Number of protein chains: 4
Amino acid sequence: MQYKPSLPIYQQVEMDIIKDMLNGKLSPGSKMPSGRELALVYKINPNTAQRVYQELEHKGLCYTKRGMGTFVTEEEERLKTERIHLAKEYSREFLQRMKDLSVSKEQLRKYLEEELDASS
Amino acid sequence: MQYKPSLPIYQQVEMDIIKDMLNGKLSPGSKMPSGRELALVYKINPNTAQRVYQELEHKGLCYTKRGMGTFVTEEEERLKTERIHLAKEYSREFLQRMKDLSVSKEQLRKYLEEELDASS
Amino acid sequence: MQYKPSLPIYQQVEMDIIKDMLNGKLSPGSKMPSGRELALVYKINPNTAQRVYQELEHKGLCYTKRGMGTFVTEEEERLKTERIHLAKEYSREFLQRMKDLSVSKEQLRKYLEEELDASS
Amino acid sequence: MQYKPSLPIYQQVEMDIIKDMLNGKLSPGSKMPSGRELALVYKINPNTAQRVYQELEHKGLCYTKRGMGTFVTEEEERLKTERIHLAKEYSREFLQRMKDLSVSKEQLRKYLEEELDASS
DNA sequence: GTGGTCTAGACCACT
DNA sequence: GTGGTCTAGACCACA
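First, a word on what this report is: a plain description of the structure on this page. Because the structure is predicted, anything quoted here is derived from the model rather than measured.

A word on the overall build of chain A. What chain A contains, in helices and strands, is five helices and two strands. Counting from the amino terminus, helix and strand elements in chain A follow one another as α-α-α-β-β-α-α. Relative to the globule expectation of 14 Å for 120 residues, the C-alpha radius of gyration of chain A, 17 Å, shows a markedly less compact shape. Judged by the C-alpha coordinates and their principal axes, chain A covers about 55 × 30 × 25 Å. Classification of the 120 residues of chain A by burial places 38% in the buried group. For chain A, contacts bridging at least 24 residues in sequence account for 49% of all contacts bridging at least 6. Looking at chain A as shown, the accessible area adds up to about 7200 Å², and 51% of this sits on carbon and sulfur atoms.

Moving on, we come to the interface of chain A and chain B. By convention, interface size is frequently given as the accessible area that disappears when the constituent parts associate. Counting from both sides, the interface comprises 30 residues of chain A and, opposite them, 30 residues of chain B. For the pair chain A and chain B, the summed buried surface comes to about 3100 Å²; carbon and sulfur atoms form 66% of the total. At the surface where chain A touches chain B, the tally comes to six salt bridges. E113 of chain A is paired through a salt bridge with R109 of chain B; the nearest N and O atoms lie 3.4 Å apart. Linking chain A to chain B there are eight residue pairs in polar contact (both at pLDDT 80 or more). Looking at the side of chain A that touches chain B, the elements that each hand over two or more residues are α1 (9–22), α4 (76–100) and α5 (105–119) of chain A. Per-class residue counts for the side of chain A that touches chain B are 14 nonpolar, four polar and 12 charged.

Before going further, it helps to examine the protein's contact with DNA strand F. With respect to spatial proximity, 25 residues lie near DNA strand F, and among them I9 and N47 of chain A, P8 of chain C together with G35 and Q50 of chain D are the closest. Taking all atoms of DNA strand F within 4 Å of the protein, the share assigned to sugar and phosphate is 66%. Side-chain polar atom of N45 of chain A to a base nitrogen of DNA strand F: 2.9 Å apart, as the coordinates give it. Q50 of chain D has a polar side-chain atom sitting 2.6 Å from a phosphate oxygen of DNA strand F. Mapped by element, the contributors of at least two residues to the surface near DNA strand F are α1 and α3 (46–58) of chain A, α1 (9–22) and α3 (46–58) of chain C together with α2 (35–41), α3 (46–58) and β2 (69–72) of chain D. For the surface near DNA strand F, the leading source of residues is α3 of chain A, giving three residues. Split by residue class, the surface near DNA strand F holds seven nonpolar, 14 polar and four charged.

Moving on: the relation of the copies chain A and chain B. Structural alignment of chain A on chain B gives an RMSD of 0.4 Å, achieved by rotating through 178 degrees and translating 0.3 Å along the axis. What we have between these two chains is a two-fold relation. If distances are taken from each C-alpha of chain A to the rotation axis, the shortest is found for F94 of chain A, at 3.3 Å. Looking at chain A, 100% of its interface residues are interface residues in chain B too, so the copies touch through the same face.

What follows deals with unusual backbone geometry. All names here are of chain A. Even without being glycine, S102 reaches a positive phi, approximately 55 degrees. Along the chain, the position of S102 falls in the loop between α4 and α5. Taking the relative accessible area as the measure of exposure, S102 reaches 30% and is therefore partly exposed.

This part covers the packing of aromatic side chains. For the coordinates displayed, the defined rule picks out six aromatic pairs over all chains. Ring centres of F94 of chain A and F94 of chain B lie 4.3 Å apart, and the angle between their planes is 0 degrees; this geometry places the pair in the stacked category. Here F94 of chain A, found in helix α4, pairs with F94 of chain B, found in helix α4 (residues 76–100), and the two come from separate chains. On the basis of relative accessibility, which here comes to 3%, the residue F94 of chain A falls in the buried class.

Let us now look at the environment of K31 of chain D. Residues and elements named next belong to chain D. One can find K31 in the loop between α1 (9–22) and α2. A relative accessible area of 43% means that K31 is categorised as partly exposed. When the C-alpha atoms of K31 and D100 are compared, they prove to be 44 Å apart, with 69 residues separating the residues in sequence.

Residues and elements named next belong to chain A. Here E14 lies in helix α1. We classify E14 as buried; its relative accessible area is 3%. Those residues in contact with E14 that lie beyond four places of it in its chain are V52, E55, L56 and K59.

The next subject is the protein's contact with DNA strand E. Taken together, the neighbourhood of DNA strand E is formed by 25 residues, with Q50 of chain A, P8 of chain B together with I9, N47 and T48 of chain D sitting nearest. Near the protein, within 4 Å, the atoms of DNA strand E are sugar or phosphate in 63% of cases. R36 of chain A places a side-chain nitrogen or oxygen 3.0 Å from a base nitrogen of DNA strand E. At 3.1 Å, a side-chain N or O of Y10 of chain D approaches a phosphate oxygen of DNA strand E. Secondary structure elements with two or more residues in the surface near DNA strand E: α2 (35–41), α3 and β2 (69–72) of chain A, α1 (9–22) and α3 (46–58) of chain B together with α1 and α3 of chain D. Here the surface near DNA strand E takes three residues from α3 of chain D, the largest share from any one element. When the residues that make up the surface near DNA strand E are grouped by side-chain class, the tally is seven nonpolar, 14 polar and four charged.

Here is what the cut-offs are and how they apply
- Residues numbered from 1 in each chain as written.
- Chains lettered and ligands numbered in written order.
- Predicted model: local features only at pLDDT ≥ 70, side-chain atom pairs only at ≥ 80, totals over all residues.
- Heavy atoms only, no water.
- Helix = DSSP H or I, 4+ residues; strand = E, 2+ residues; numbered from the N terminus.
- Rg over C-alpha atoms; globule rule 2.2 N^0.38 Å.
- Buried < 20%, exposed > 50% of the residue type's maximum accessible area, 1.4 Å probe, protein only.
- Contact = heavy atoms within 4.5 Å.
- Areas by Shrake-Rupley, 256 points an atom, 1.4 Å probe, with all protein chains shown as cover.
- Buried area = accessible area lost by both parts, 1.4 Å probe.
- Salt bridge = Lys/Arg side-chain N within 4 Å of Asp/Glu carboxyl O.
- Polar contact = N/O pair within 3.5 Å; in protein donor to acceptor, adjacent residues only side chain to side chain.
- Nonpolar A, V, L, I, M, F, W, Y, C, P; charged D, E, K, R; others polar.
- Near = heavy atom within 4 Å.
- Least-squares fit on C-alpha atoms with pLDDT ≥ 70 in both.
- Phe/Tyr/Trp six-rings, centres within 6.5 Å; stacked < 30°, edge-to-face > 60°.

All we've got here are geometric facts, nothing functional implied.
Dropping the structure here:
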């Protein structure tokens, strides 16, 4: 994984994990890699890995059993909420930006369809 | 103006000025506020104001005449290019994020229309 | 039983057992559950159960007969002493905390009566 | 300052600062020591100092201006809320503990008055 | 083995 | 100078 310098590594890893939670690679209640494993997989320092879990736990997306490991939250509702929360946030930010650029709704749709076609 | 802690202040001010260039409040060739004025208007540190102009000049959106001040670029083409460049970049980023959230195209459209309605 | 993450599980189980010793559910000299049983009842790791008895024995609240099991101490005096010891310690800690919060004695009494009413 | 091994240092420092916020040594809006200063004063690592502010900010008791420093929150209401929150939490915990020890309300009052007298 | 904390020290962007 | 992040590596309590 390649890290962008503009964003803290721990946030990039965090998003990558949230991604796996939402697309089903990490199912509710399942054990997540230990901090040390995470550090190895993502080639980051154990401290940074720790920070990732700290943030995820704070968002209610995982929980910790001491000496046992870290687990994906069992509350599926929480996961759905997070998806909606992020989707709305991103949408709002995106639209605000386009508005700031004085891009009309028609142009906006054009850009999106263009990119959608390009990616599909 | 309220600054978000997640983004450097100079970038937020920068975007605000670009916004004014694109919506016509700052027309091509017109004189921009001095660094000192900018600092006062936006309630930022003069160093930060300086940084803003530095970035804008680097993007070719303004230029400086020694002893005269800073001026919006006269090349309207440059402004349009900037708009398109940013719009595409934002669109691409937005779609990538939604993809990472496993949001389908249908849901995506729903979120957008929702927010568009809310803001209009 | 629900475990708080802020305190080691073995201490929580320990307190629960001391509670039973003081309220009479576990009478002096009576046999306590085996380590294995304890692990089952409290849904904890056998190692943790072992640790619980280790701590209790160290406090003189129980003793072990090789091959026979673990028994509540027969010295009733020891139980009373423990109660007083803990009560004083908790009181002192509590008052220190309230002092740190700059809570006056009047307010302190108010909080206590409030909680006492709520629980009764 | 002497640190207890039973509690993370960052939490002990945190409580010490909250104490100063509540007793008026740190007034709302005032600048707090820089991370480096804090590290020197409390004889801890800069990282640990950082953690302290991170936790305090998360609780809404201070906020950060990048490059400017960390400041006590201006919302006095937040401070009061925190005091009440902690006072109630401590009271509840204390009473639960006494209940677990099968200490009667009369005995409880006795212990408290005893300690109050001893400290005054 | 697992998470939690801590130290030491470095680099960077922002003001 | 300030906060924010990151690496390296260590120690400890807990299960």
